[in-house]
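So you can see what is in the structure, the chains are spelled out below.
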Amino acid sequence: MAHVLLLGGTTEARALAAALAGDASLRVTSSLAGRVAEPRLPAGEVRIGGFGGPDGLAAWLRAEGVSALVDATHPFAAAMSRNAAEAAAATGVPLLALRRPGWEPVPGDRWHRVPSLPAAADLLPSLGRRVLLTSGRQGIAAFAHLDGLHIVARSVDPPGPPLPASLDVLLDRGPFTLDGERAVLREHRIDVLVTKDSGGAATAPKLTAARELGLPVVVVDRPPAPAGVPVAESVEAALAWLAVR
């Protein structure tokens, strides 16, 4: 029986697991990092927690007889993607990166692209004083040193220190609606938005709401997939890749 390991946690990973769940000729295991207290679980077999770096992942691939590996982690999970690439190279297991396309600006957007969260923090004081930060709880530390700004940070789970001195935390999980995003921007008197270029529809309404209000948006560019790893931009493309493995 072929064994597919999905490195997951994303909407696309869950959709791929669901599409493969009915195939009796496959064993499908979804692996979640365990960084969210109550993750949305995919269909089929699930493991939670790290592997212990690329060597630990390679050992797991060998021990469990994995025949194909799909890296469907968040586009910003660069360390896990590197580990997957190294483990696949060490074991000869075919690897595919499933990455939804990034966002593209449209007329009316006031985007400022930056390469990292620290670069976003450096730029913020020149753009506004009340910030909606949607980079996740692990990204808040990059803004902890900023004085004179009020940060409204949205995350699934409460963040830990270090934290900005002036901070409100909104505990919420997408998908988000356009009306809801309009309300957040208005109620908190936001004058600048910070987001990672995660892509996808679930969190895109904030970009539309910011455009309607004429707000600047700091967009953190996603890291590239590891060199030499094929990339699929849809679940359908990933299924086609798996069909010939």
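One can find the structure itself at the top, above this paragraph.
Numbering of residues starts from 1 in each chain and follows the order in which that chain's sequence is written. Local features in this predicted model are restricted to residues whose pLDDT is 70 or higher, and side-chain atom pairs enter the listing and the counts only when it is 80 or higher, whereas totals over whole chains, interfaces and linings include all residues. Only hydrogens and water are set aside; all other atoms, that is, all heavy atoms of the structure, feed into the side-chain values.

Trainee: When you look at the overall build of the protein in this model, what are you seeing that I'm missing?
Mentor: Scanning the protein from terminus to terminus reveals seven helices and 12 strands. Our radius of gyration looks at C-alpha atoms and nothing else; its globule reference is 2.2 Å times the residue count to the power 0.38. Its C-alpha atoms give the protein a radius of gyration of 19 Å, near enough to 18 Å, the size a compact globule of 245 residues would have. Here the C-alpha coordinates of the protein stretch approximately 55 × 35 × 30 Å along the principal axes. Put simply, the protein has 245 residues, and 46% of those count as buried. The long-range fraction of contacts in the protein, counting pairs at least 24 apart against all pairs at least 6 apart in sequence, stands at 66%. Note that accessible areas follow from Shrake-Rupley with a 1.4 Å probe, and for residues the cover is restricted to the protein chains shown. When the accessible surface of the protein is totalled, it reaches about 11300 Å², and 55% of it is carbon and sulfur. Charged residues are defined narrowly, with Lys and Arg counted positive, Asp and Glu counted negative, and His plus the chain ends left uncounted. For this purpose, a charge sits on NZ of Lys, CZ of Arg, CG of Asp or CD of Glu. Computed over 24 positive and 24 negative side-chain charges, the inter-centroid distance for the protein is 1 Å. Note on conventions: DSSP H or I runs of at least 4 residues are helices, E runs of at least 2 residues are strands, and numbering of each starts at the N terminus. Categorising residues by exposure relies on relative accessible area from a 1.4 Å probe, with only protein chains included: less than 20% of the type maximum marks a residue as buried, more than 50% marks it as exposed, and the intermediate range marks it as partly exposed. Pairs of residues are marked as contacts when any of their non-hydrogen atoms sit within 4.5 Å.

Trainee: Would you mind going over the sheet that holds strand β1 (residues 2–7) with me for this structure?
Mentor: In a beta sheet, neighbouring strands pair by backbone hydrogen bonds and run either parallel or antiparallel. Across the sheet, six strands lie side by side as β3-β2-β1-β4-β5-β12; this open sheet has parallel pairing. With one partner strand each, in any of the chains shown, β3 (45–48) and β12 (231–232) form the two edges of the open sheet. Any two strands are treated as partners once DSSP identifies two or more bridges connecting them.

Trainee: So what exactly am I meant to see when it comes to helix α7 (residues 235–243) here?
Mentor: Every α-helix winds through 3.6 residues per turn, so residues three or four apart in the chain are directed the same way. All of the buried residues in α7 are Val235, Ala238, Trp241 and Leu242. Seen end-on, α7 carries its buried residues on one side only, within an arc spanning 115°. Looking at α7, the residues exposed on the side facing more than 90 degrees away from the buried face are Glu236 and Ala243. Tucked into the core, α7 has its buried residues touching β1, α1 (11–20), β4 (68–71), β5 (95–98) and β12. What the arc measures is the spread of directions leading from the helix axis to the C-beta atoms.

Trainee: Even after reading the chapter, I still don't get the nonpolar core, so can you show me in this structure?
Mentor: General note: in soluble globular proteins, nonpolar side chains tend to be found buried as a group. In this text, buried Ala, Val, Leu, Ile, Met, Phe, Trp, Tyr and Cys residues form a nonpolar core when linked through side-chain atoms within 4.5 Å. Counting residues in hydrophobic clusters, the biggest one holds 18 residues, and the most contacted among them are Ala120, Leu124, Val131, Leu133, Phe143, Val194 and Val218. For this core, the element with the highest residue contribution is helix α4 (residues 117–123), accounting for three residues. Non-local contacts of Val194, meaning those with residues more than four positions away in its chain, are made with Ala120, Leu124, Val131, Leu132, Leu133, Thr134, Ser135, Phe143 and Val218.

Trainee: It is not clear to me how the pattern of salt bridges should be interpreted in this structure. Could you clarify?
Mentor: Should their charged atoms come close, side chains of opposite charge can pair. Between Lys or Arg on one side and Asp or Glu on the other, a salt bridge is scored when a side-chain nitrogen of the former is within 4 Å of a carboxyl oxygen of the latter. Following the criterion strictly, the structure yields 10 salt bridges and no others. With its nearest N and O atoms 3.7 Å apart, the salt bridge here joins Asp197 to Arg113. One end of the pair, Asp197, is in the loop between β10 (192–196) and α6 (205–212); the other, Arg113, is in strand β6 (residues 110–114), with 84 residues separating them in the sequence. Within this structure, Arg27, Glu45 and Glu64 form a network of salt bridges that share partners.

Trainee: How should a nonpolar patch on the surface be read in this particular structure?
Mentor: Where nonpolar side chains cluster on the molecular surface, the patch consists of Leu41, Val46 and Ile48 and spans about 270 Å² of accessible area. The class for Val46 is partly exposed, based on a relative accessible area of 31%. Residues form patches when they are more than 30% accessible in relative terms and have no salt bridge. Like charges link within 9 Å. Nonpolar side chains (Val, Leu, Ile, Met, Phe, Trp, Tyr) link within 5 Å.

Trainee: Would you explain the sheet that holds strand β11 (residues 216–220) in this entry?
Mentor: Ordered in space as β6-β11-β10-β7-β8-β9, the six strands form an open sheet in which the pairing is parallel. Edge positions in the sheet fall to β6 and β9 (167–171), since each of these pairs with one other strand and no more. Going from strand to strand, the sheet's axes swing by 20° on average, the running direction of each strand aside. Pairing analysis gives four bridges linking strand β7 (residues 130–133) to strand β8 (residues 150–155), with the strands arranged parallel. In the sheet register, Val131 faces β8, and the bridge partner there is Ile151. Between N-to-C directions, angles span 0 to 180 degrees; the directions come from axes that are lines fitted to C-alpha atoms, helices contributing only their stretch in contact. With respect to the sheet, α6 is in contact with β6, β8, β10 and β11, its orientation differing from that of β10 by roughly 155°.

Trainee: Before we go on, may I ask you to explain the environment of Gly160 in this structure?
Mentor: Mapped onto the secondary structure, Gly160 falls in the loop between β8 and β9. Taking the C-alpha atoms as reference points, Gly160 and Ala141, 19 residues apart in sequence, are found 8.4 Å from one another.

Trainee: So what exactly am I meant to see when it comes to α6 here?
Mentor: Among all positions in α6, only Pro205, Lys206, Leu207, Ala209 and Ala210 are buried. Contacts made by the buried residues of α6 are with β6, β8, α5 (178–187), β10 and β11. Phi turns positive, to about 70°, at Gly214, one or two residues after α6.

By themselves, these figures tell us nothing about what the structure is for.
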